[in-house]
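# Per-entry structural report
Take a look at the letters that make up each chain.
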Amino acid sequence: MQSRPPSGVMSDYSKLRERMVKRQIAGRGVRSKPVLDAMRKVPRERFLPRGHGVFAYDDSPLPIGEGQTISQPYVVAFMAEGLGLEGGEKVLEIGTGSGYAAAVLAEIAAEVYTIERIEGLASMAKSNLEALGYDNVHVRCGDGTLGWPEEAPFDGIVVAAGGPDVPDALKHQLKTGGRLVIPVGRSKAYQELVRVTRVADDEYQTENLLPVRFVPLVGEEGWSSEY
Ligand code: SAM
């Protein structure tokens, strides 16, 4: 039986996407209906470099150029669930990469603001998202560790790269009750995914969610270089 379609065979991609949600996402305990619905809708194959679409529903991160990756589908779903989104929120993502996770968030939230530090990836993500009609996603090239102060506060912030600490700028851009999901670790090789909830104006609660491996968060409130 052929498990991977030649690129462009939409119905086969839909079947692979459905199977991915069942086995990799719901099968590992993600229960949020908005997240499962979003994962069923967004065509991951459209966020991969040309010719790589056949790998779109593999259970792994994949290279997208510039030494960066599109995250594993399960991790995208787990992080989105960690934000506790129900619909209608204003969300900030740091680390746009291909734009895939931004599209997943945009299926649930009202507006998604996303920042990528590498210009080539920011413009690729922009065209991927425009081609699919995601007009509620706003892409900016810059240092996401400083957040997007002009658009703050946010109901949720998700960071798709691992930093040494939780950036203060991001904590301060949460609404009260808002959640920040970020990989944090003193080593660049692995991190712990943590959730920070702003429970009052000057009070935050932190929970450890999952051990993870992300590319480094490089910036003023992150690592000073990728290596
Ligand atoms: N969310 C992406 C997707 O769906 O394809 C995957 C993101 S990839 C794992 C992490 C991204 O974070 C990389 O593209 C990297 O360039 C970016 N990045 C690292 N540090 C950053 C920073 N300070 N600000 C913005 N983006 C950053």
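Note that this is a predicted model, so its numbers are computed, not measured.

The next thing to look at is the overall build of the protein. In terms of helices and strands, the protein carries six helices and nine strands. Counting all 227 residues of the protein, 51% fall into the buried class. Across the protein, the fraction of contacts at a sequence separation of at least 24, relative to all contacts at a separation of at least 6, is 53%. Accessible surface, the protein as shown: approximately 10,500 Å² in total, 49% of it carbon and sulfur. With 26 positive and 31 negative side-chain charges, the protein shows a separation of 8 Å between the mean positions of the two kinds.

Attention now goes to the sheet that holds strand β6 (residues 154-159). Pairing within the open sheet is mixed, and its seven strands lie in the order β5-β4-β3-β6-β7-β8-β9. Each having just a single partner strand, β5 (137-141) and β9 (203-212) make up the two edges of the open sheet. The mean inter-strand angle of the sheet, taken between neighbouring strand axes irrespective of direction, is 15°. Along the sheet, helix α3 (residues 73-82) contacts β6, β7 (174-184), β8 (191-200) and β9; its crossing angle with β7, the most-contacted strand, is approximately 155°. Across the sheet, helix α5 (residues 119-131) lies against β4 (111-116) and β5, angled at about 165° from β5, the strand it touches most.

For the rest of this paragraph, the subject is the pattern of salt bridges. Oppositely charged side chains can form a pair if their charged atoms are brought close together. A full pass over the atoms with the stated rule returns 13 salt bridges. The shortest N-O distance in the salt bridge between D12 and K15 comes to 3.9 Å. In this pair, D12 and K15 both sit in helix α1 (residues 10-25), three residues apart, roughly one turn of the helix. On the basis of relative accessibility, which here comes to 26%, the residue D12 falls in the partly exposed class. With a closest N to O distance of 2.6 Å, E150 and R140 form a salt bridge. Here E150, found in the loop between β5 and β6, pairs with R140, found in strand β5; they are ten residues apart in sequence, far enough to count as distant.

Okay, the packing of aromatic side chains next. Counting across every chain of the model gives five aromatic pairs. On the basis of an interplanar angle of 55° and a centroid distance of 6.3 Å, the ring pair of Y13 and Y57 is categorised as tilted. Note that Y13 is positioned in helix α1 and Y57 in the loop between α2 (33-41) and β1 (62-65), a separation of 44 residues in sequence. In this structure, Y13 and Y57 share a single accessibility class: buried.

A separate point is the environment of G29. Residue placement: G29 occurs in the loop between α1 and α2. Taking the C-alpha atoms as reference points, G29 and F78, separated by 49 residues in sequence, lie 8.9 Å from one another.

A turn of α-helix holds 3.6 residues, and therefore any two residues three or four places apart point the same way. Turning to α2, its buried residues number three or more, namely V35, L36, A38 and M39. End-on view of α2: buried residues confined to an arc of 160°, all on one side of the axis. When the buried face of α2 is taken as reference, the exposed residues oriented beyond 90 degrees from it are K33 and K41.

Judged from the three bridges that link them, β1 and strand β2 (residues 68-70) form a sheet pairing that is antiparallel. What sits directly across from P63, in β2, is T69. Hairpin connection between β1 and β2: a loop of two residues separates the two successive antiparallel strands, and E66 in this loop has a positive phi of roughly 60°.

Cut-off values and rules
Residues numbered from 1 in each chain as written. Predicted model: local features only at pLDDT ≥ 70, side-chain atom pairs only at ≥ 80, totals over all residues. Heavy atoms only, no water. Helix = DSSP H or I, 4+ residues; strand = E, 2+ residues; numbered from the N terminus. Buried < 20%, exposed > 50% of the residue type's maximum accessible area, 1.4 Å probe, protein only. Contact = heavy atoms within 4.5 Å. Areas by Shrake-Rupley, 256 points an atom, 1.4 Å probe, with all protein chains shown as cover. Lys, Arg positive; Asp, Glu negative; His and termini not counted. Charge placed at Lys NZ, Arg CZ, Asp CG, Glu CD. Pairing = 2+ DSSP bridges. Axes fitted to C-alpha atoms, helices over the stretch in contact; angles between N-to-C directions. Salt bridge = Lys/Arg side-chain N within 4 Å of Asp/Glu carboxyl O. Phe/Tyr/Trp six-rings, centres within 6.5 Å; stacked < 30°, edge-to-face > 60°. Arc of directions from axis to C-beta.

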